[in-house]
Amino acid sequence: MRTVTTTPFGARPVTAGLMENQARGRAEPAIGSMDKWQVLNALGLIAKDYGIGDRTLSVLQVLLSFHPDQVLRDGTPMVVFASNAAICDRAHGMPESTLRRHIAALVDAGLILRHDSPNGKRYARRGRGGEITRAFGFDLRPLLVLAPEIATRAAEETARREQIDALREEVSLLLRDALKLVAYGQAIGGMWDALDDRTQLARRYLRRKLGLDQLTVMRDEMQALVAEIRDQIEPDVPQPIRVETAATEHETAEVSGRDTRNERHYQRSDKDLSDKRQNRRTEPVSLALVLESCPDVLPYLDRRVTDWESFTSAICPVVPMIGLDTAVWGEACRNMGPRDAAITVAAMVQRIGTIGNPGAYFRTLARKAGEGDYSPLPLLLSLSRIGDPRRAA
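Residues numbered from 1 in each chain as written. Predicted model: local features only at pLDDT ≥ 70, side-chain atom pairs only at ≥ 80, totals over all residues. Heavy atoms only, no water.

Moving on, we come to the packing of helix H12 (residues 308-315) against helix H14 (residues 338-350). Where H12 contacts H14, the two axes come as close as 9 Å, and the packing angle between them is 55°. Our classification of the angle between H12 and H14 gives oblique. Seen along the crossing, H12 lies across H14 with a hand that is left-handed. Contact residues: H12 offers Trp308, Phe311, Thr312 and Ile315, while H14 offers Pro338, Arg339, Ala342, Ile343, Val345 and Ala346. Classifying every residue of the contact of H12 with H14 gives eight nonpolar, one polar and one charged. (Axes fitted to C-alpha atoms, helices over the stretch in contact; angles between N-to-C directions. Helix = DSSP H or I, 4+ residues; strand = E, 2+ residues; numbered from the N terminus. Parallel < 35°, antiparallel > 145°, perpendicular 65-115°, else oblique. Left-handed = near helix turned anticlockwise from the far one by under 90°. Contact = heavy atoms within 4.5 Å. Nonpolar A, V, L, I, M, F, W, Y, C, P; charged D, E, K, R; others polar.)

See the structure below:
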């Protein structure tokens, strides 16, 4: 078939985009043939990559239906010369103005080319044997040229959608765990308002159409939330503890999780706890040491710190910033005292990058303080140059 003109009929001008699409459409295809419906189906997965929507894709489907062969094959005629009336009729009565808009979108996307006749009509000339020698209309050859690119992009999109489905499934399971565990926690008692609010917020957020990155972040956040909920429900996991008795100072007693509080009551006297708490209170901690060891907390303080009272007050707004709820903070203030609780928060801000679950970590320290087994001084010394052995040397 002889070469046809590539310039448009009528008032439509020649543009750089038109020339680029014409050059690409005339390029040598990487494959010799391709099933036209396979190309259309693959294009349906990535239509947005080419700037077209579902209606434009349906017009391309109609154009392909006018191509007599199921296969687009290089070296054979691929120009569709059906009239607007015939195309609109096969497109279920689409208005011609709408058809022209979608045809223009396909041309701009480089998926088809125009071959306009001298009078703008679409028709074909045939030889004596009935073969087409020249045709004016819409050239489908760019689809054959772009077929490998379209197939690659479609495979990537399929893999992305499968990954999104798997992530959404994982997040849904984590959300179910969070909802049911919070309900269980509320039934057995305790402070659950903050965790319930976070869970309900996640539930509403999951109703949206989330992308891969959003679901990945949500999966990580939900894992942390479920871990925090489990930690609050199961604060006393059975662990071997060392119990000092008159017979020996190094016997290890296995304490059951079911009666943990009762057995500790019998094995550790109130006087022991009182002595440990008294020892903790007598360990010297200066405000200067705290500010030197925890410089990262200073930008978060909303006031000038001059004494312990101003320091403790300034720490309060920092507490929720690191994921601690009011119930845990109140427990820490009761067990540690407001000053040691504030020091601990400042130290956590300094080490926040190394603490996987701040809520669980702080809750553990608060329980230790309640048993008389905690002082913030070693934590500060590990952060301060004063506690560095190389400085002493």
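So, on to the nonpolar core. Note that soluble globular proteins tend to have their nonpolar side chains buried in a common cluster. In this structure, Leu60, Leu63 and Leu111 are the most contacted members of the largest nonpolar core, which totals 38 residues. In this structure, Leu60 is in contact with Leu40, Leu43, Leu106, Ile112 and Leu143, ignoring residues within four places of it in sequence. Counting 37 residues, the second largest nonpolar core, distinct from the first, contains Leu287, Trp308, Leu324 and Leu365. (Core = buried A, V, L, I, M, F, W, Y, C linked by side-chain atoms within 4.5 Å. Buried < 20%, exposed > 50% of the residue type's maximum accessible area, 1.4 Å probe, protein only.)

Position of Leu380 among the secondary structure elements: in helix H16 (residues 377-383). Its relative accessible area of 0% is what places Leu380 among the buried residues. As for Leu380 and Ala346, which are separated by 34 residues in sequence, their C-alpha atoms are 9.4 Å apart. Those residues in contact with Leu380 that lie beyond four places of it in its chain are Val285, Leu289, Val290, Ser293, Cys294 and Ile343.

This brings us to helix H5 (residues 96-108). Here H5 contains 13 residues, and its C-alpha end-to-end distance of 18 Å stays within 8% of the 18 Å for a straight helix at 1.5 Å per residue. Along H5, the residues classified as buried are Thr98, Leu99, His102, Ile103, Leu106 and Val107. Downstream of H5 by one or two residues, Gly110 has phi in the positive range, about 75°. (Expected span 1.5 Å × (residues − 1).)

This paragraph deals with the side chain of Arg363. Looking at where Arg363 falls in the secondary structure, it is placed in helix H15 (residues 358-370). You can call Arg363 buried: its relative accessible area is 5%. With residues near it in sequence (within four places) discarded, Arg363 still touches Glu228, Asp231, Gln232, Val328 and Glu331.

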